[in-house]
Amino acid sequence: MCPTRRWESGVPELPEVETMRRGIASAVGMRIDQAVLPQGRLRPLSTTPSPGLLAKQLRGCVIEGTERYGKRIALRLSMSAGDRQKEDRWLVIEPRMTGLLLVSVPPTQEHVRLRLSGPTPAITSHELLFWDRRGLGTLRLVNAKGLEEICGEARLGPDALMISCECFRERLCGSARAVKVALLDQHAVAGIGNLYAAEMLFLAGIDPRVRCQQISRPRWKRLHEVMQAVLHEAIELEGSTLSDATYRTALNEPGRYQARHRVYARNGQPCQQCGTVVRRIVQAQRSTFFCPKCQRR
DNA sequence: CGTTCAACCTGGGCGC
DNA sequence: TGCGCCCAGGTTGAAC
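Treat the numbers as computed from the prediction; the structure is a model and nothing was measured. (Residues numbered from 1 in each chain as written. Chains lettered and ligands numbered in written order. Predicted model: local features only at pLDDT ≥ 70, side-chain atom pairs only at ≥ 80, totals over all residues. Heavy atoms only, no water.)

J.: How should I be thinking about helix α7 (residues 217–236) in this particular structure?
T.: For α7, with 20 residues, the first-to-last C-alpha span of 29 Å sits near the 28 Å given by 1.5 Å per residue. Buried within α7 we find Trp220, Leu223, His224, Val226, Met227, Gln228, Val230, Leu231, Ala234 and Ile235. Lining the buried residues of α7 we find α1 (14–23), α4 (165–172), α5 (179–183) and α6 (194–204). Looking one or two residues beyond α7, the residue adopting positive phi is Glu238, at roughly 65°. (Helix = DSSP H or I, 4+ residues; strand = E, 2+ residues; numbered from the N terminus. Expected span 1.5 Å × (residues − 1). Buried < 20%, exposed > 50% of the residue type's maximum accessible area, 1.4 Å probe, protein only. Contact = heavy atoms within 4.5 Å.)

Shown next, in the form of structure tokens:
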């Protein structure tokens, strides 16, 4: 395998989505005066028949708060005063591969603002933008029951940042699957994607091919610790941006956790800990990166 | 139960 | 220089 090949993606996983959620805090308390949705994008709008209707339903709603469920963001919306009899709704945003949430940046002395059109979205004041280059992301407007159906525990496992060590182990330890594959299962634990799975397994010293059943209790404890440490550190550094075409913060800036990557996309390069060449294998049709010496069965 | 595969997409890398 | 194929990965759903 050519070591120079760039396995760069940098898609929104838990740290990136949490950074987006924190980044749009300025929109909380604001009313949606107008929603403009592109026609023919944002594919599976299962609970909202068309972008036009969704735009109509959003108009007048007040953004009351933001929540995150794994890799999804839910904006809690209340109806405007005239519609007070209606129940709260949630706009559930799933960025998937290339979805971005951006807020307008109040102009300051340091900014030169050029309003342009083209491949990047033009940002104007007091706007919240969802921009998705590849159009795989989804927006769904649901009530409390709908939120439970798509983000509840029947659908998503406990959030990786919140889950206790015991619960984490119990949900995974009986599985015959390779631990790397199991970590990506959002029904088991929500929020982990391909990049952070590789990083946490490296730090825990666990071979990604080991079956969950074969992992000892102390190693589950270690994995749980490094999982939460990695996710917290990645949130502090506002996520990972591996090429300028992918993830950005809500202020359209790159994340900084990529400087901390130990194995992801480093195949062919020496392990920073032992010098062994980092390997790339494929598990469940996804790239897995690991150090064959530091990570043991 | 677990896995494999295809589909949804675009843009960058690479072979020819 | 350029055409066309391959590939990244989150999620779903079907087939085995």
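J.: Explain the packing of α6 against α7 to me, please; I cannot follow it from the model alone.
T.: Orientation of α6 relative to α7, taken along the N-to-C sense of each, is 130°, at an axis distance of 9 Å. The angle between the axes of α6 and α7 places the two elements in the oblique class. Relative to α7, α6 is oriented so that their crossing is right-handed. Where α6 abuts α7, its residues Tyr196, Met200, Leu201, Leu203 and Ala204 lie against Arg222, Leu223, Val226, Met227, Val230, Leu231 and Ala234. Taken together, the residues of the contact of α6 with α7 break down into eleven nonpolar, no polar and one charged. (Axes fitted to C-alpha atoms, helices over the stretch in contact; angles between N-to-C directions. Parallel < 35°, antiparallel > 145°, perpendicular 65-115°, else oblique. Left-handed = near helix turned anticlockwise from the far one by under 90°. Nonpolar A, V, L, I, M, F, W, Y, C, P; charged D, E, K, R; others polar.)

J.: Any chance you could explain the protein's contact with DNA strand C here in plain terms?
T.: As a matter of local geometry, DNA strand C sits amid 20 residues, with Met97, Arg134, Asn194, Arg280 and Arg286 nearest to it. Take Arg286: an N or O atom from its side chain is 2.9 Å from a phosphate oxygen of DNA strand C. In the environment of DNA strand C, a phosphate oxygen lies 3.3 Å from a nitrogen or oxygen atom belonging to the side chain of Ser287. Here the surface near DNA strand C is composed, by residue class, of five nonpolar, five polar and ten charged. (Near = heavy atom within 4 Å. Polar contact = N/O pair within 3.5 Å; in protein donor to acceptor, adjacent residues only side chain to side chain.)

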